[in-house]
Amino acid sequence: MGGDLGMEATRSPSAEKKSPSPVQVAGSDGGTESLGFGHDEGYADSSVESIEVEVWDHDSSYGDELQSMTTSLSSTAYHFVEEHGRTYHSYRQGRYKLPNDEIEADRLDIHHALVLAIMHGELNLAPIAGDIESAIDLGTGTGIWAMDFADAHPNTDLKANDLTPVQQHMVPPKLEFIVDDIEDEWLYEHTPFDYVHGRFLAGAILNWPRLIQQAYTCTKPLGWVEFQEWDTRIYSADGTLHPSHSLQTFHNITSDAHEKRGFDMSPGKKLQGWLRDAGFINIVAKRYVVPLGMWAKDKHYKTIGAYNFLQMKQAFEGIALGTLTQDGWTVEECQILAAKTLTDAKDPKIHSQYDFYVVYGQKPAG
Ligand SMILES: C[S@@+](CC[C@H](N)C(=O)[O-])C[C@H]1O[C@@H](n2cnc3c(N)ncnc32)[C@H](O)[C@@H]1O
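Residues numbered from 1 in each chain as written. Predicted model: local features only at pLDDT ≥ 70, side-chain atom pairs only at ≥ 80, totals over all residues.

Residue-level account of the overall build of the protein chain, with values.
Broken down by element type, the protein chain carries 9 helices and 10 strands. Considering the protein chain as a whole, with its 366 residues, one finds that 44% of them fall into the buried category. (Helix = DSSP H or I, 4+ residues; strand = E, 2+ residues; numbered from the N terminus. Buried ≥ 20, exposed ≤ 12 C-beta atoms within 10 Å, placed from the backbone.)

What follows is the structure, encoded as structure tokens:
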């Protein structure tokens, strides 16, 4: 991908497939910036007619000099931006609105446990062979999915990229973490992947159809692409979540603020169409209902509701700060809204839930 800062950085972690069914309620039934040196044909405004050549007084190729240049470019990505007591990525600063600090890293690790529980322990649903040569994880976050995938596929060359280098340094041998912008050009057309994976990128992507087209181009014939994605709009199936609840207000105004800036907050339900439009075949789309909180009677839904509560509890303030301060809200106003939202999220009388989607498709034979 354009602007790669190839780095060795990392952070490590920690059925049966059902179609969605209504969630039972406990008790209710009685029971383009560039880091490279791009040029533009016909660029007329150059003040430099010819570039003076440095005297290269040793035999080797660029080796050490290039290494030290790469290290310095990489290290700038580690100088995180601090705002309102949280830190944010610095490479392509401002591009993604949520923090990249320990609170967010913990949340993403809980979110990983949540998705594994939703998917009954599966890291992926696409029917990839165990011994695929290569795969990539887009917007890897803490890298927790990539670490698990690398352990399960030790012979697969796995790349995992993100705007922010918050991953562990001790990684399985064939896993490489890279700082990169996935909406930039990918440069993998000549070395395409057997499997492309992206999870929880709602609120991160400006142009989903383009991203999916890039994934298509960079997938081998008969290879698979899989997205595991939210519709971040909250709702209740039984009307117990009212428009007057802070929980509802929070989701409405933060999602609207994101969408105003071009980020799709409900990509999950659109993935099937986007994959079809890109040319994928054998597409499978699954929808999972995910409660917020422990209000469901069924043990599976109670468990995923608990995980979901734990990760959202850590997200409310970061989401409010990341989106609403840009619209003139004070930090205190964001914190009050986050606190009221948390109070609603803890209320077992409010049966709120989200939809989560897993969609995969295959690139046709060449
Ligand atoms: C909600 S997190 C999900 C992380 C990971 N996929 C997971 O499921 O645990 C979204 C991640 O996307 C990354 N991100 C956002 N925009 C990006 C971009 N344009 N290029 C690369 N990564 C991006 C963020 O830095 C963040 O780590």
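Outline the nonpolar core, supporting the account with residue identities and numerical values.
In this structure, A146, V196, I212, L275 and A320 are the most contacted members of the largest nonpolar core, which totals 85 residues. Other than its neighbours up to four places away in sequence, V196 contacts I136, L138, A215, C218, T219 and V225. (Core = buried A, V, L, I, M, F, W, Y, C linked by C-beta atoms within 7 Å. Contact = placed C-beta atoms within 7 Å.)

With reference to specific residues and values, describe unusual backbone geometry.
With a phi close to 55°, F200 is a non-glycine residue in the positive phi region. Its place among the elements puts F200 in the loop between strand 7 (193–199) and helix 4 (208–217). Here F200 falls in the buried class, since 20 other C-beta atoms lie within 10 Å of it. Non-glycine residue L222 carries a positive phi angle of around 75°. Its location among the elements puts L222 in strand 8 (residues 219–236).

For the environment of T76, give the residues involved together with the corresponding values.
Topologically, T76 is positioned in helix 1 (residues 63–76). C-alpha of T76 to C-alpha of S90: the two residues are 14 residues apart in sequence and 7.5 Å apart in space.

Residue-level account of the site of the ligand, with values.
Neighbouring the ligand are 22 residues, the closest being Y96, G139, G141, R199 and A204. Mapped onto the shell around the ligand, the elements with two or more residues apiece are helix 2 (102–118), helix 3 (144–152) and strand 5 (157–162). For the shell around the ligand, the element with the highest residue contribution is helix 2, accounting for 3 residues. Grouping the amino acids of the shell around the ligand by side-chain chemistry returns 9 nonpolar, 8 polar and 5 charged. (Near = placed C-beta within 6 Å. Nonpolar A, V, L, I, M, F, W, Y, C, P; charged D, E, K, R; others polar.)

How would you summarise the confidence of the model for the protein chain if you had to cite specific residues and measurements?
Overall, the predicted model of the protein chain reaches an average pLDDT of 84, with 80% of residues at or above 70. Low confidence marks residues 2–48, where pLDDT is under 50. Its contacts with residues over four positions away, or in another chain, come to 80 contacts. (pLDDT = per-residue confidence, 0-100.)

Now, about the pairing of strand 5: what can you tell me, with residues and values included?
Consecutive side chains along a regular strand alternate between the two faces of the sheet. When you tally the buried positions in strand 5, you get 5 out of 6 residues, the bulk of the element. Relative to strand 5, strand 4 (residues 134–138) runs parallel, the two being bridged by 4 bridges. Bridge assignment links S134 to a residue of strand 5, and that residue is D157. Handedness of the crossover is the feature at issue here: the chain leaves strand 4, passes through helix 3, returns alongside strand 5, and the resulting connection is right-handed. (Pairing = 2+ DSSP bridges. Right-handed = clockwise from strand over helix to strand, strands pointing away.)

Can you break down the environment of A365 residue by residue, with the values?
In this fold, A365 is placed in the segment after strand 10 (352–362). Classification of A365 as exposed rests on a count of 8 C-beta atoms within 10 Å. Taking C-alpha positions, A365 is 8.7 Å from G223, a pair spaced 142 residues apart along the chain. Apart from residues lying up to four places away in sequence, A365 is in contact with P221 and L222.

Requested: an account of the packing of helix 2 against helix 7 (residues 299–313), with residues and values cited.
Running from amino to carboxyl end, helix 2 crosses helix 7 at an angle of 160°, the nearest separation of the two axes being 9 Å. The pairing of helix 2 with helix 7 is recorded here as roughly antiparallel in orientation. Helix 2 and helix 7 meet at a crossing whose hand is left-handed. Judged by residue contacts, R107, I110, H111, A113, L114, A117 and I118 of helix 2 engage T303, I304, Y307, N308, L310 and Q311 from helix 7. In the contact of helix 2 with helix 7, the residues fall into 8 nonpolar, 4 polar and 1 charged. (Axes fitted to C-alpha atoms, helices over the stretch in contact; angles between N-to-C directions. Parallel < 35°, antiparallel > 145°, perpendicular 65-115°, else oblique. Left-handed = near helix turned anticlockwise from the far one by under 90°.)

Can you tell me about the packing of helix 5 (residues 246–260) against helix 8 (residues 316–324), naming the residues and giving the values?
Viewed as axis vectors pointing N to C, helix 5 and helix 8 meet at an angle of 40°, and their least axial separation amounts to 9 Å. On the basis of the axis angle, helix 5 is oblique to helix 8. With respect to the hand of their crossing, helix 5 and helix 8 are arranged in left-handed fashion. The residues of helix 8 that touch helix 5, namely those facing F250, I253, T254, A257 and H258, are F316, I319, A320, T323 and L324.

Tell me about helix 5, and please be specific about residues and values.
Since the α-helix packs 3.6 residues into each turn, any two residues three or four apart lie on the same face. The first and last C-alpha atoms of helix 5 sit 20 Å apart over 15 residues, in line with the 21 Å expected at 1.5 Å per residue. Residues of helix 5 that are buried include every one of L247, Q248, F250, H251, T254, S255, A257 and H258, and no others. As for helix 5, its buried residues are in contact with strand 8, helix 8, helix 9 (331–345) and strand 10. (Expected span 1.5 Å × (residues − 1).)

Give a description of helix 8 that names residues and reports values.
Of all 9 residues in helix 8, 9 are buried, a share of seventy percent or more. Residues of helix 8 that are buried: F316, E317, G318, I319, A320, L321, G322, T323 and L324. On its buried face, helix 8 is in contact with strand 3 (86–88), helix 2, helix 5, helix 7 and helix 9.

An account of the environment of L211 is needed here, citing residue identities and associated values.
Assignment of secondary structure puts L211 in helix 4. On the neighbour-count criterion, L211 (24 C-beta atoms within 10 Å) is buried. Ignoring any residue separated from it by four or fewer positions in sequence, one finds L211 in contact with I182, E183 and I205.

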